[in-house]
Amino acid sequence: MNYRVVICGAGPGGVVLARELSRAGLEVFIYEKGYYAGLGHDWSDAVERVALEAAGLEMPTLAGNQWKGKLVKTEDNPVGLFEPHAIPFLQLHSPDYYSVKLIEFRMITTDRRNLGQYLADEALAAGAKIKYGYEGLELIYTETGEQGPHGVEIEGLKVRNLESGAVEDVRADLVVESSGFNAALRCSLPEYTGMARHFRDIDFGFVNREVRRRDREKARIDVIPDHYRYGFHTGYQWSHIHNEELIDVGAGVRHDPNNPDPKDIIEEFISRHESILAEKIRGGRSLCIVGPPLNNFVTNGFLIIGDAASTSIPTTGCGVGSAILVGLWAAEIISEAAREGKKDIAALWGVNTRFYLDSNRGASLAALSALRTVLQDLGNEKLSFLFRSDIMDKYTLEDAVNGIFTKPTINKMIATLFKGLFKPAVLLQLNRGISSGSRIYNHYRNYPPFWNPDTYDKWCREAKKITNY
Ligand SMILES: Cc1cc2nc3c(=O)[nH]c(=O)nc-3n(C[C@H](O)[C@H](O)[C@H](O)COP(=O)(O)OP(=O)(O)OC[C@H]3O[C@@H](n4cnc5c(N)ncnc54)[C@H](O)[C@@H]3O)c2cc1C
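Residues numbered from 1 in each chain as written. Predicted model: local features only at pLDDT ≥ 70, side-chain atom pairs only at ≥ 80, totals over all residues. Heavy atoms only, no water.

Trainee: Outline the side chain of Thr234, supporting the account with residue identities and numerical values.
Mentor: Secondary-structure assignment places Thr234 in the loop between β15 (227-230) and β16 (236-241). For Thr234, a relative accessible area of 13% corresponds to the buried category. Side chain to side chain, Thr234 and Asn259 meet in a polar contact 3.1 Å long. Once residues lying within four places of it in the same chain are set aside, the contact partners of Thr234 are Val253, Arg254, Asn259 and Gln376. (Helix = DSSP H or I, 4+ residues; strand = E, 2+ residues; numbered from the N terminus. Buried < 20%, exposed > 50% of the residue type's maximum accessible area, 1.4 Å probe, protein only. Polar contact = N/O pair within 3.5 Å; in protein donor to acceptor, adjacent residues only side chain to side chain. Contact = heavy atoms within 4.5 Å.)

Trainee: Give a description of the pairing of β15 that names residues and reports values.
Mentor: Alternating positions in β15 separate into two faces, His227 and Arg229 on one and Tyr228 and Tyr230 on the other, with burial throughout. Sheet analysis places strand β6 (residues 89-93) next to β15, joined by three bridges and oriented parallel. In the strand pairing of β15, His93 is matched with Arg229. Two successive antiparallel strands, β15 and β16, enclose a turn made up of five residues, where Gly231 displays a positive phi of approximately 90°. (Pairing = 2+ DSSP bridges.)

Trainee: Provide a residue-level description of the state of the cysteines, including the pertinent values.
Mentor: For the coordinates displayed, the defined rule picks out zero disulfides. There is no disulfide at Cys187, and the cysteine sulfur nearest it, in Cys8, is 12 Å away. For Cys187, a relative accessible area of 18% puts it in the buried group. Of all cysteine sulfurs in the structure, the one in Cys288 sits closest to Cys318, which takes part in no disulfide; the separation is 7.7 Å. We classify Cys318 as buried; its relative accessible area is 12%. (Disulfide = S-S within 2.5 Å.)

Trainee: Before we move on, can you summarise the sheet that holds β6 with the specific residues and values?
Mentor: Here seven strands make up an open sheet; going across it, the order is β7-β6-β15-β16-β17-β14-β18 and the pairing mixed. At either end of the open sheet lies a strand with only one pairing partner, and these are β7 (100-104) and β18 (276-289). On average, each strand axis in the sheet is inclined to that of its neighbour by 20°, with strand direction left out of account. Note that β16 and strand β17 (residues 246-254) share six bridges and pair antiparallel. If you follow Tyr236 over to β17, its bridge partner there is Gly252. Each of β6, β7 and β15 touches helix α10 (residues 394-401); the most contacted strand, β7, lies at about 50° to it. (Axes fitted to C-alpha atoms, helices over the stretch in contact; angles between N-to-C directions.)

Trainee: Go over the site of the ligand with me, naming the residues and quoting the values.
Mentor: Around the ligand, a shell composed of 33 residues is seen, among which Glu32, Ala46, Arg112, Gly136 and Asp307 lie nearest. Gly136 places a main-chain nitrogen or oxygen 2.8 Å from a nitrogen atom of the ligand. Residue Asp307 places a main-chain N or O atom 2.8 Å away from an oxygen atom belonging to the ligand. For the ligand, whose unbound accessible area comes to 990 Å², protein coverage reaches 89%. The class makeup of the residues in the shell around the ligand is 13 nonpolar, 13 polar and seven charged. (Near = heavy atom within 4 Å. Areas by Shrake-Rupley, 256 points an atom, 1.4 Å probe, with all protein chains shown as cover. Nonpolar A, V, L, I, M, F, W, Y, C, P; charged D, E, K, R; others polar.)

Trainee: Describe the pattern of salt bridges, and please don't skip the residues or the numbers.
Mentor: If you walk through the whole model with that rule in mind, you get 40 salt bridges. Here Asp45 ties to Arg209 by a salt bridge, and the two come within 2.9 Å at their closest N and O atoms. In this pair, Asp45 is assigned in strand β3 (residues 44-48) and Arg209 in strand β14 (residues 204-214), connecting sequence segments 164 residues apart. For Arg209, a relative accessible area of 10% translates into the label buried. (Salt bridge = Lys/Arg side-chain N within 4 Å of Asp/Glu carboxyl O.)

These results come straight from atomic positions and should not be treated as a statement about function.
Pasting the structure below:
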């Protein structure tokens, strides 16, 4: 098909999209500023199983507390994608450790480096071309004179060859931004498109994770469960076992200089566990997007996926699943547009409706983002009370961790009122978060099903009133 797509960034969403479009017969180029050996992260992440399965990966089966299958990492298969230790259920601890809830954990611990390279290999095998060492700088566009996302037509992008320093114009029928939360391309658009805003500090978590070696003997006595300590210092802290010898410990806080460094939170945890040794095997620290998703992912000749569109689960910072799923949805919409020789905003609008209407992912993430900020402001003591009194019960927490916003039923609201009789201020604060989350959820479930500038503008004005954003 004579239709050229250029993708900026070889993250998980970008490479899955490239693979699918190439399989559909489109001409696809990825410009990636890094290199093959450095794709992904130097650690393993908890990734939504539903997304990995949708991407066509052969999922392992559970045998006791171990994953078994072709793509599991073993001594014989060090490039396997999945860590062998399974966490079908996860312990959620209150910030003060006194309450524990066991929740279903719909994620699988996935080696990000191996995943990144595996998916890039698949994209390459399907016919996509990946140009490493090229940084996308800005979009090349003409203006249509309209005020709104339809105010521009994208014709390509400027890239810098990082080896030579030379800047080149790359022309394309369609440009896709999949370059993570810095979102250099969409931020180069005029403000009137409504797509150029930079993320705020409050939209980020600051996360640190390390894989440490464990002393096998001491680990028999020093038992550490797979757990999240939820809400601790405006974020969370966790430990996930990888195998008998390795443990992943991490913490994330709201990106704010008043918060402790997540590294110190980890060190304090390690100091209480003598089985965890000083030797650090892998790991890293970085910002992590946890804000609300963009209202719109498309314009004429341009589409945004993954962290650049802020599609992570705000309550955990897990963004690989959404990046892959939106990449897959985008592949279907682009393939159809290409078959009809189209690239305009109306033809690409389906990516928005997949996210906000066909799945309730978008509405859930938008609502959870509002709830997150209210919960973060409660602090350790009040959050521990909500856990202890079961006002934040297993089901609400299970959904929130897995990226689903649930509106409380009347029965639940009455029960909450009784349980919280002695802490009315806490209840009021919680109620504010839930009401605001519910209003946001309902509004996003009423997302415009088709591109119409007036309907979209009206919907955005209402969204701004509700989200204050
Ligand atoms: C410490 C930490 C822990 C995390 N834990 C989890 C977890 O457990 N589970 C989970 O699901 N998610 C986790 N995340 C978040 C997850 O990493 C992201 O949500 C996910 O990688 C987003 O994918 P993406 O494809 O949008 O972008 P990215 O994975 O960020 O990929 C973007 C790619 O674009 C390239 N790039 C950037 N700018 C340019 C440019 N201008 N030109 C060309 N190329 C460019 C980058 O080099 C990169 O290869 C974590 C993040 C951090 C920092």
